[in-house]
Amino acid sequence: MTVHFIGAGPGAADLITLRAANLLAQCTVCLYAGTYLDDEVLSHCPPDAELVDTQHLDLDDIVAVMVRAHDAGKDVARLCSGDPTIYSAVAEQTRRLDAAGVPWKITPGVSAYAATAALIGRELTVPEVAQSVVLTRAQRDSTKMPEGEALANFAATGATLVLHLAIRHVRRLADELVPHYGADCPVVVGSQVSGPHELVLRGTLADIADQVEAHGLRQAAVIIVGRALAAEGFVESHLYSSRRTRPAVG
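Residues numbered from 1 in each chain as written. Predicted model: local features only at pLDDT ≥ 70, side-chain atom pairs only at ≥ 80, totals over all residues. Heavy atoms only, no water.

Some details on the sheet that holds strand β4 (residues 76-80)
Next, step 1: Strand order in this open sheet of five strands is β3-β2-β4-β1-β5, and the pairing throughout is parallel. The open sheet has two edge strands, β3 (50-53) and β5 (104-107), and neither has a second partner. This sheet shows a mean twist of 20° between the axes of neighbouring strands, independent of strand direction.
Next, step 2: Across four bridges, strand β2 (residues 29-32) lies against β3 in parallel orientation. Within β3, the position partnered with L31 by the bridge is V52.
Next, step 3: In the packing of helix α3 (residues 59-71) onto the sheet, the strands contacted are β1 (3-7), β2, β3 and β4, and the crossing angle to β4 comes to about 155°. (Pairing = 2+ DSSP bridges. Helix = DSSP H or I, 4+ residues; strand = E, 2+ residues; numbered from the N terminus. Axes fitted to C-alpha atoms, helices over the stretch in contact; angles between N-to-C directions. Contact = heavy atoms within 4.5 Å.)

Printed below as a string of structure tokens:
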């Protein structure tokens, strides 16, 4: 029996992968975060599946449920919002499962930032505007950031920034980013994108905090910052250029 860490995507039941849907249909125990996921996503589970909402459980409690289910000969689905490879505490959980001798696998999912960018119809990497995307988070009220990963260091590159777990600190973060990107730099906030309570805010570093606070956003939101969000008149990618030298056929 195996514990499957499954990316549940940003919220919509049809934005999980085929592999994820097939695995959910096979698992008789499913752990999910009720804060982010709703009944539509859980509809992929068997009708008689044991559903465990983890929003009020700590890591030890969560792992205990998975170990118990494994010992009972059951496959387990551990649904993670978005993609399980970032900010999902998979490392902490799998370390505990390894110690308990419980096998596990990871199935990727659609991340919230990708769903947000798709919704607004924007590519986050634009030729000669931004060719890097930095995924990071806020420092305050959370685990200490590693030395060297200060927000200013990332901002100095001019890359497109994706800020997770940061919506409660949007005003402070915007102020920190203005010296690097300018007050008029475009910002998009995606909250529960693709879900029934989807909200997308568009603004700049100068006004995005006012919008976030006016809508009372406190969680389940991602912040994207960068010039790529409104780039116009940029050069075309060399990869698809008609002037690119191509190898001869035959």
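A look at the domain arrangement of the protein chain
Frequently, the measure chosen for interface size is the accessible area that the parts lose on association.
Next, step 1: Annotation of the protein chain at the domain level lists domain 1 (3-107) and domain 2 (112-230).
Next, step 2: Taking both partners together, domain 1 and domain 2 bury about 840 Å²; carbon and sulfur atoms supply 68% of that area.
Next, step 3: At the junction of domain 1 and domain 2, the tally comes to zero salt bridges.
Next, step 4: The class makeup of the residues in the side of domain 1 that touches domain 2 is six nonpolar, two polar and one charged. (Domains from an automatic or database assignment. Buried area = accessible area lost by both parts, 1.4 Å probe. Salt bridge = Lys/Arg side-chain N within 4 Å of Asp/Glu carboxyl O. Nonpolar A, V, L, I, M, F, W, Y, C, P; charged D, E, K, R; others polar.)

Describing the nonpolar core
Next, step 1: L161, L177, V189, L205, V212, I223 and V225 are the most contacted members of the largest nonpolar core, which has 26 residues in total.
Next, step 2: Elements with a minimum of two residues in this core: α6 (151-155), β7 (160-164), α7 (170-181), β8 (186-191), α8 (208-214) and β10 (221-225).
Next, step 3: Ranked by residue count, the leading element in this core is α7, at five residues.
Next, step 4: Excluding its chain neighbours within four sequence positions, the residues that come into contact with V225 are A159, T160, L161, L177, C185, P186, V187 and L205.
Next, step 5: By size, the runner-up hydrophobic cluster in this structure holds 17 residues, among which are L24, L37, L42 and L79. (Core = buried A, V, L, I, M, F, W, Y, C linked by side-chain atoms within 4.5 Å. Buried < 20%, exposed > 50% of the residue type's maximum accessible area, 1.4 Å probe, protein only.)

Topic: the environment of G182
Next, step 1: Along the chain, the position of G182 falls in the loop between α7 and β8.
Next, step 2: Considering only alpha carbons, one finds G182 and T204, 22 residues apart in sequence, at a separation of 9.0 Å.
Next, step 3: When sequence neighbours within four positions are dropped, the list of residues in contact with G182 reads L177, L205 and R227.

Some details on unusual backbone geometry
Next, step 1: A positive phi angle, near 50°, is found at Y87, a position not held by glycine.
Next, step 2: By the secondary structure assignment, Y87 is in the loop between β4 and α4 (90-100).
Next, step 3: Residue classification places Y87 among the partly exposed residues on the basis of a relative accessible area of 38%.
Next, step 4: Positive phi, normally seen in glycine, also occurs at Q192, with a value near 50°.
Next, step 5: Among the structural elements, Q192 can be located in the loop between β8 and β9 (199-204).
Next, step 6: Overall, the relative accessible area of 33% leaves Q192 in the partly exposed class.

Here we look at the pattern of salt bridges
Next, step 1: Across all of its chains, the model carries seven salt bridges by this definition.
Next, step 2: A salt bridge links R171 to E213; the shortest N-O distance between them is 2.9 Å. Highlighted residues: R171 in helix α7 and E213 in helix α8, separated in sequence by 42 residues.
Next, step 3: Owing to a relative accessible area of 36%, R171 belongs among the partly exposed residues under this scheme.
Next, step 4: Between R172 and E176 there is a salt bridge whose closest N-O contact spans 3.0 Å. You can see R172 and its partner E176 sitting in helix α7, four residues apart, about one turn around the helix.
Next, step 5: Each of R171, D210 and E213 takes part in a single network of salt bridges with overlapping partners.

Re the sheet that holds β7
Sheet strands associate in pairs through backbone hydrogen bonding, adopting either a parallel or an antiparallel arrangement.
Next, step 1: Within the open sheet, the five strands sit side by side as β6-β7-β10-β8-β9. Their pairing is mixed. Two strands in the sheet have a free side with no partner beyond their single neighbour: β6 (133-137) and β9. Each adjacent strand pair in this sheet contributes to an overall mean axis angle of 20°, direction not counted.
Next, step 2: The sheet contact formed by β7 and β10 spans three bridges and is antiparallel. Paired with V162 across the strands is I224, a residue of β10.
Next, step 3: Strands β6, β7, β8, β9 and β10 of the sheet are contacted by helix α5 (residues 112-120), whose axis makes an angle of about 65° with β10.
Next, step 4: Contacting β7 and β10, α7 runs over the sheet at an angle of about 165° to β7.

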